[in-house]
Amino acid sequence: MSALPQPETDIGFDLIIVGAGFAGMYMLHKARGMGLRARVFEAGDGVGGTWYWNRYPGARCDVESMEYSYQFSDDLQQDWRWTERFAPQPEILRYANHVADRFDLRADIRFETRVLSAQFEESSARWTVRTDRGDVVTGQYLVMATGCLSSTNMPAFPGLGSFKGQSYHTGAWPHEPVDFTGKRVGVIGTGSSAIQSIPIIAEQASELVVFQRTANYSVPARNAPLDPGYEAEVKAEYTAFRERNSQMMGALGARIQVPDRPALSATPEQHRQEFDKAWERGGLGFQRSFNDLMIDSRANEIAKSYVHERIRAMVKDPATAELLCPTAVLGCKRMCVDSGYFDTFNLPHVKLVDIRPKGIEAITPTGVRAAGQDFALDAIVYATGFDAMTGSLLKVDIRGRDGLRLADAWSAGPRTYLGLNVAGFPNLFTISGPGSPSVLTNMIVSIEQHVNWIGGCIDWMRANNVPGKTRVFMPLLGFPPYVERCNQVAASGYEGFELRA
Ligand SMILES: Cc1cc2nc3c(=O)[nH]c(=O)nc-3n(C[C@H](O)[C@H](O)[C@H](O)COP(=O)(O)OP(=O)(O)OC[C@H]3O[C@@H](n4cnc5c(N)ncnc54)[C@H](O)[C@@H]3O)c2cc1C
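If you're wondering where the values come from, they're calculated on a predicted model, not measured in any experiment.

## A word on the overall build of the protein
Part 1 of the argument: Within the protein, the regular secondary structure consists of 15 helices and 18 strands.
Part 2 of the argument: Along the first, second and third principal axes, the C-alpha set of the protein runs to 100 × 55 × 50 Å.
Part 3 of the argument: Burial statistics for the protein: of 501 residues in total, 48% are counted as buried.
Part 4 of the argument: Counted over contacts in the protein with a minimum sequence separation of 6, partners at least 24 positions apart contribute 69%.
Part 5 of the argument: The averaged location of the 56 negative side-chain charges in the protein is 2 Å from the averaged location of its 51 positive side-chain charges.

Here's what the structure looks like:
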């Protein structure tokens, strides 16, 4: 890594972008295309965001590769070749780096630089941004491309920090591979990152203890090398393929043809047939097997029972199988996609520990205390997720009009306009922020839609505004009442007027 540049004190940027994941990278490219001067600040030492930080074993996309990619450049989408149906993290990171090189993005990105604060100055109508490296820059627009799942969540377990072994968080994984061979490993959490990493950690560890508070729904990925025939088919009509996906609820999966009918009017045989098909196909399409699964709790129960049956068939120990059966509404949280997760619990050295209702009682110098027992471990993996959607935004001291803090404006929960803008914070944009479809979609599609919208909005402002002029409604409405008021003032001897003879 070359030496970091000197701190900047440039007050002439049009646009300041925080974050160099897929959102920040495309925002920069867009801004340049519009002739705007932009500066990007990124806390990591490379691009890619999620795929830069989440290097845990088994990390992979659960949206199909041909869909989880940018569409703004047809040359890019034609040239890039994915190798698997669901791309693994290293390949997505390579893609992000390829995009950065191809569009020469790095020149305008300051890496290893965390934005600490951003303040709107009313007099200049500009944002002043300060970083942990001493940069003080201003821009007319501020785009927070800080990511919905980028602020790691580390619960305040008693004794946290006392453990003498190795500790890892899935969302801040070391850059070099971690070898668990022969180690006693504990994984805390059973969300998506745990579900992806547990089968791989189990291949290496001598003992694996999984601490579960809430069981999650997961469907098999059925990952495989990407079929070149399918790739060619998509590339032959990529624009139309993207367009069909954009019409879907989650902006993905249009190629999966499902009968448009309710589970409640189907027979048990038809339920089985459709669910079996979806289970064998793999991936997130499962919850679309019938059109009422997400809107009728009775239909949802039918799908839930099917998943339970599958789990009971996969997991040999009945007590473990019961613990792994989720009780929540199916699809209420984004479903997980796995490769061998449930089968892993049949391995003799893998143990599932139910930590309800007390949770993790303590992290101790030798391991984890939970469910009234002490578990001796060599390594702990915290798969405890993220302070989702607002975490990274609120870590920055953002102040809008009259010094209003974003944290105060959102004290009762985030309030945005379309997940793009916040009242009291002029010229501030959030990408895939709370209030937009965001994490319940193919996020690259959502990111591109937001960046394009922000670009359009800035274009419109530039075409319709005198630069630097505060936008207020200037003429007064209604001629007769206005004349009446003028006459009253004259009759009063011009009371209230500042007149110099
Ligand atoms: C493990 C995992 C798997 C996922 N799988 C999928 C999937 O299958 N499909 C899908 O659609 N989405 C998935 N996502 C969601 C994923 O976050 C998005 O798809 C997408 O990568 C988000 O891009 P982004 O640029 O908005 O945010 P991020 O990629 O999170 O990038 C934000 C960047 O902002 C930087 N940053 C934050 N705060 C500051 C600051 N104050 N100063 C400087 N830099 C800052 C961070 O370092 C980070 O690099 C997954 C997320 C995770 C964590």
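Back to the write-up after that little detour.
## Focus: the sheet that holds strand β16 (residues 379-382)
Part 1 of the argument: In spatial order, the strands read β7-β16-β8-β9-β12; together these 5 strands make up an open sheet with parallel pairing. Strand pairing shows two members of the sheet lacking a second neighbour, β7 (166-169) and β12 (350-354), which therefore form its edges. Sheet twist, expressed as the average angle between the axes of neighbouring strands with direction ignored, equals 20°.

## Description of the sheet that holds strand β14 (residues 367-370)
Part 1 of the argument: Strand order in the open sheet formed by 3 strands is β13-β14-β15, and the pairing between neighbours is antiparallel. Two strands lie at the open edges of the sheet, namely β13 (360-364) and β15 (373-376), each paired on one side alone. For this sheet, the mean inter-axis angle between neighbouring strands, taken without regard to orientation, is 20°.
Part 2 of the argument: Where β14 lies against β15, 4 bridges are found, and the strand directions are antiparallel. Looking at the pairing, V368 lines up with F375 of β15.

## Topic: the site of the ligand
Part 1 of the argument: Near the ligand lie 34 residues; those nearest to it are E42, T50, D62, Y68 and M443.
Part 2 of the argument: Within the backbone of A23, an N or O atom sits 2.9 Å from an oxygen atom of the ligand.
Part 3 of the argument: Protein contacts shield 96% of the accessible area of the ligand, which totals 970 Å² for the unbound molecule.
Part 4 of the argument: Every element with two or more residues in the shell around the ligand is listed here: α1 (22-33), α2 (50-53) and α14 (443-464).
Part 5 of the argument: Tallying contributions element by element places α2 first for the shell around the ligand, with 3 residues.

## Focus on the side chain of R85
Part 1 of the argument: With respect to the secondary-structure elements, R85 resides in the loop between α3 (74-79) and α4 (89-102).
Part 2 of the argument: A polar contact is formed between the side chain of R85 and the side chain of E64, at a distance of 3.0 Å.
Part 3 of the argument: Only 2.8 Å separates the side chain of R85 from the backbone oxygen of R281, close enough to count as a polar contact.
Part 4 of the argument: Ignoring any residue separated from it by four or fewer positions in sequence, one finds R85 in contact with E64, S65, A221, R222, N223, A224, P225, L226, R255, R281 and G282.

The rules behind the values
- Residues numbered from 1 in each chain as written.
- Predicted model: local features only at pLDDT ≥ 70, side-chain atom pairs only at ≥ 80, totals over all residues.
- Heavy atoms only, no water.
- Helix = DSSP H or I, 4+ residues; strand = E, 2+ residues; numbered from the N terminus.
- Buried < 20%, exposed > 50% of the residue type's maximum accessible area, 1.4 Å probe, protein only.
- Contact = heavy atoms within 4.5 Å.
- Lys, Arg positive; Asp, Glu negative; His and termini not counted.
- Charge placed at Lys NZ, Arg CZ, Asp CG, Glu CD.
- Pairing = 2+ DSSP bridges.
- Axes fitted to C-alpha atoms, helices over the stretch in contact; angles between N-to-C directions.
- Near = heavy atom within 4 Å.
- Polar contact = N/O pair within 3.5 Å; in protein donor to acceptor, adjacent residues only side chain to side chain.
- Areas by Shrake-Rupley, 256 points an atom, 1.4 Å probe, with all protein chains shown as cover.

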